Amino acid sequence: MRKLQSVSFPLIALVFFILTFAIKVFIDGPYSRGEVSSAVAYTKYGTAAMACAFAWLYLFRKKKKKQIFLSEYKQMMLVAVLFTFITLMEQLGTGMYATTCYIELIKFAMPVILAFFMLNTLDFETFYKCMVILLWMSFIAYIIDLHNEGANVLDIFQADVANSESKTEHSGLSGISLAFVFFFTYFRRSRFLFLFSIFFCVCTFKRLALCFVAIALICKFFFPHVMSKKVSKSVLYTLKAGTVVVTGIWFWLMLPEQEHYVLAWSGKSTFDFTSGRSGMMRYLLDHSFKSYGFGSANDMINKLFGVPFEFDFIKIAFELSPLVLVIFICVFWNMSGHTFWGVCIIGFFVLNMITSDSLTSNFSMTLAYMVIGSINYYSQMIQNEKIFKGVENKG
């Protein structure tokens, strides 16, 4: 009985993990259209918690000494603790309290927690099969969402590339589809799954994601071995410093005084170029925004305009201070695991956080962390034990 329970925990955790993503991909679309309640849509966080709970029970019983993704997990959890502490202090100082802040904190911590527990519970072969299931499940949900919007995947051939418009565009599944691209590009077991993930991501038609699809194609066919190469600490330090500088420049460009630069470069106003995001930032500046914790800017903008505030890095600087933003940027780059492919994955999210939003993309972030974890730890195990003949990792 004891042995049966030990074996069952990973299976139960896996079932809840897959169920979490099923709710995400199949329910979020109807939820955004007002067809289901938030109570139904938010059950995915409950199933994610159950997946973590059963994974923890398995790890507690197994007492696994060498844990995968442990350093990255500890660093990001320390950041989550820092965010929570500052949120509490700011709410006590301002006397303003909002449950939205604590919901945002849970959403912030959830991806790394879920990724850590699942990485340490599943063996690589099971994880690979899980990714295949999630890929097909996500694509089926995507087809259903397109059908409900009166479109289909063939509409991708009618996309307006110049204006970046397509009936097949899907913000909710773009990040998730790109995570599949990262995974099936690195673990070259099936050319079909690689090409299928590419097709899926291209159909979701997000500009930044398409740029990283191009990188994946170049690496796959011309430089397959560079993906597992180690990135030096000096390169990571440069990326961290560069991110801080670029974020500062982006903030400066979004100010009204620099409108002419954006207009000259893009032919659009700053408001139009950023799809209205710069207007939200200016509103907070013009009204002397007083932070009451992580997620407070988002809470205020949502209440006033019914849309989120999407400049993630600027949002952290507004809500928690520029110093905390620098700490987060440094830790977030550390999540790459010092491999070229890990840097590419984190690089996508960094660029998206500067110009848009990734912090609320909990589930694409979860998959991204799991892909990085599998690259940094499982790939070496596969090479040593030769589990898959099609995987070539010489890093």
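Residues numbered from 1 in each chain as written. Predicted model: local features only at pLDDT ≥ 70, side-chain atom pairs only at ≥ 80, totals over all residues. Heavy atoms only, no water.

## Observations regarding the environment of isoleucine 156
Then comes step 1: Relative to the helices and strands, isoleucine 156 resides in the loop between helix H6 (124-148) and helix H7 (171-186).
Then comes step 2: On the accessibility criterion, isoleucine 156 (12% relative accessible area) is buried.
Then comes step 3: C-alpha of isoleucine 156 to C-alpha of lysine 167: the two residues are 11 residues apart in sequence and 7.2 Å apart in space.
Then comes step 4: Beyond its immediate sequence surroundings of up to four residues, isoleucine 156 is in contact with Ser166, Thr168, Val202, Cys203 and Phe205. (Helix = DSSP H or I, 4+ residues; strand = E, 2+ residues; numbered from the N terminus. Buried < 20%, exposed > 50% of the residue type's maximum accessible area, 1.4 Å probe, protein only. Contact = heavy atoms within 4.5 Å.)

## Overview of the packing of aromatic side chains
Then comes step 1: In this structure the tally under the stated criterion is 49 aromatic pairs.
Then comes step 2: With 6.0 Å between their ring centres and 45 degrees between their planes, phenylalanine 69 and tyrosine 369 make a pair best called tilted. Of the two residues, phenylalanine 69 sits in the loop between helix H3 (43-62) and helix H4 (70-94) while tyrosine 369 sits in helix H18 (residues 362-385), which places them 300 residues apart along the sequence.
Then comes step 3: Given a relative accessible area of 4%, tyrosine 369 falls into the buried group.
Then comes step 4: An aromatic cluster is present here, built from Phe124, Phe127, Tyr128, Phe183, Phe184, Tyr186 and Phe187 joined pairwise through their rings.
Then comes step 5: Residue placement shows lysine 220 over the ring face of phenylalanine 194; its charged tip is 4.9 Å from the ring centre.
Then comes step 6: Directly above the ring of phenylalanine 294 sits lysine 315, whose terminal nitrogen or CZ lies 4.7 Å from the centroid. (Phe/Tyr/Trp six-rings, centres within 6.5 Å; stacked < 30°, edge-to-face > 60°. Lys NZ or Arg CZ within 6 Å of the ring centre and 35° of its normal.)

## A word on the pattern of salt bridges
Then comes step 1: Scanning all chains against the criterion turns up 11 salt bridges.
Then comes step 2: Salt-bridge contacts for aspartate 28 lead to lysine 44; the nearest nitrogen and oxygen are separated by 3.1 Å. Linking aspartate 28 in helix H1 (residues 2-32) with lysine 44 in helix H3, this pair joins segments that are 16 residues apart in sequence.
Then comes step 3: The exposure class of aspartate 28 is partly exposed, given its relative accessible area of 21%.
Then comes step 4: One network of salt bridges, with partners in common, ties together Arg33, Glu35, Asp145 and Glu149. (Salt bridge = Lys/Arg side-chain N within 4 Å of Asp/Glu carboxyl O.)

## With respect to empty space enclosed by the protein
Then comes step 1: Under the definition given, this model contains 1 cavity of 30 Å³ or more.
Then comes step 2: Approximately 60 Å³ is the volume found for the largest cavity.
Then comes step 3: If you go around the largest cavity, the residues you meet are Lys107, Phe108, Pro111, Phe328, Ser358, Leu359, Ser361, Asn362, Met365 and Tyr369.
Then comes step 4: Of all elements in the fold, only helix H5 (99-119) and H18 reach the threshold of two or more residues within the lining of the largest cavity. (1 Å grid on protein atoms, 1.4 Å probe; cavity = no way out; pocket = protein on both sides within 12 Å on 5 of 7 lines; lining within 4 Å. Points joined across faces, edges and corners; volume = space filled by probe spheres on them.)

## Some thoughts on the nonpolar core
Nonpolar side chains tend to gather and get buried jointly when the protein is soluble and globular.
Then comes step 1: Residues Phe17, Met76, Phe83, Phe184, Phe328, Phe332 and Trp341 are the most contacted members of the largest nonpolar core, which totals 125 residues.
Then comes step 2: The element that contributes the greatest number of residues to this core is H6, accounting for 13 residues.
Then comes step 3: In contact with tryptophan 341, not counting residues within four places along its chain, are Phe182, Thr185, Tyr186, Ile215, Ala216, Cys219, Met227 and Ile375. (Core = buried A, V, L, I, M, F, W, Y, C linked by side-chain atoms within 4.5 Å.)

## Details of the confidence of the model for the chain
Then comes step 1: Per-residue confidence for the chain gives a mean pLDDT of 89, with 93% of residues at or over 70.
Then comes step 2: Mean pLDDT values for the elements of the chain range from 80 in H18 up to 97 in helix H16 (residues 322-334).
Then comes step 3: Here residues 391-395 is a poorly scored stretch, pLDDT under 50, and it has 12 contacts once near neighbours within four places are set aside; other chains count. (pLDDT = per-residue confidence, 0-100.)

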